Amino acid sequence: MAFTSERRYFANLKANLSAEVKVEFESAMSALLNQYNTTIRENRFIAGGATEVFTVALLRSTGIPARMYGEETDAGDIILPGNKMLSVKGEFAKSSSVRLLNKLGQGKRNLKTATIFVLSGTGMIYADPDMFDESDFRDTGDALVILRRSLLRVADNPGYFIEMEIPFKPPKEQSLHSRNASQEIAKRILYELELENLYNSMDRI
């Protein structure tokens, strides 16, 4: 079986995840989604990246020496012992599908990497390509998506599912109260470089 090691690592995570760390992960996700509303497009990348970081920390809390790997390859976000890779995908809207891959140009793309899905209203699901067939996927032209019902089918096996209280993203009308990642980064750079005229003008943006 091609994904024996990845499944074993998820089983280790499930077996050794303490109630305290699980609550911390839930709290981190709740704060992330409330502070960086993903109805703001650029915040989707921030939320996705932070979810990857939180997931690495979760794995490491159970003794798995995982580390971030997304900046080194397009094949996965996390590297595990034995050069095994995991992707992390979050879906925080009430959507019937989860985006897996953005596509550039024509041609078919396939899911190739074992993936941990963090789904609002559900929790954490482990899945890999051997668990699906073509009917579980949709090609939208610019992306490959997987049907939520297909992931929930996998979650029917308790070995591949960790129930968690992951909130849905706030409604669009609350985005005015959300943090904006680019503004925070810009303001920090201006502050660190002591560029007072620009920094003081930021309050009016």
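In what follows, the accompanying structure is described. (Residues numbered from 1 in each chain as written. Predicted model: local features only at pLDDT ≥ 70, side-chain atom pairs only at ≥ 80, totals over all residues. Heavy atoms only, no water.)

Another point: the pairing of strand S6 (residues 123-127). Among the five residues in S6, five count as buried, and that is most of the element. The pairing of strand S5 (residues 114-119) with S6 spans five bridges and is antiparallel. The residue bridging Thr-115 from the neighbouring strand is Ala-127, located in S6. Hairpin connection of S5 to S6: three residues between the antiparallel strands, including Gly-121 at a positive phi of 75°. (Buried < 20%, exposed > 50% of the residue type's maximum accessible area, 1.4 Å probe, protein only. Helix = DSSP H or I, 4+ residues; strand = E, 2+ residues; numbered from the N terminus. Pairing = 2+ DSSP bridges.)

With that settled, consider the sheet that holds strand S7 (residues 137-139). Taken in spatial order, the three strands of this open sheet run S4-S8-S7, and their pairing is antiparallel. The open sheet is flanked by strand S4 (97-102) and S7, the only strands paired with a single partner. In this sheet, neighbouring strand axes are inclined to one another by 30° on average, regardless of whether the strands run parallel or antiparallel. Relative to strand S8 (residues 143-147), S7 is paired through three bridges, and the arrangement is antiparallel. Paired with Asp-139 across the strands is Leu-144, a residue of S8. The strands that helix H4 (residues 148-155) touches are S4, S7 and S8; relative to S8, the one it contacts most, it runs at about 50°. (Axes fitted to C-alpha atoms, helices over the stretch in contact; angles between N-to-C directions. Contact = heavy atoms within 4.5 Å.)

Pairing within the open sheet is mixed, and its six strands lie in the order S1-S2-S3-S5-S6-S9. With one partner strand each, in any of the chains shown, strand S1 (67-68) and strand S9 (161-163) form the two edges of the open sheet. The sheet contact formed by strand S3 (residues 84-91) and S5 spans six bridges and is parallel. Pairing of Glu-91 across the sheet is with Leu-119, part of S5. Sitting on the sheet, H4 is in contact with S3, S5, S6 and S9, with an inclination near 85° to S6.

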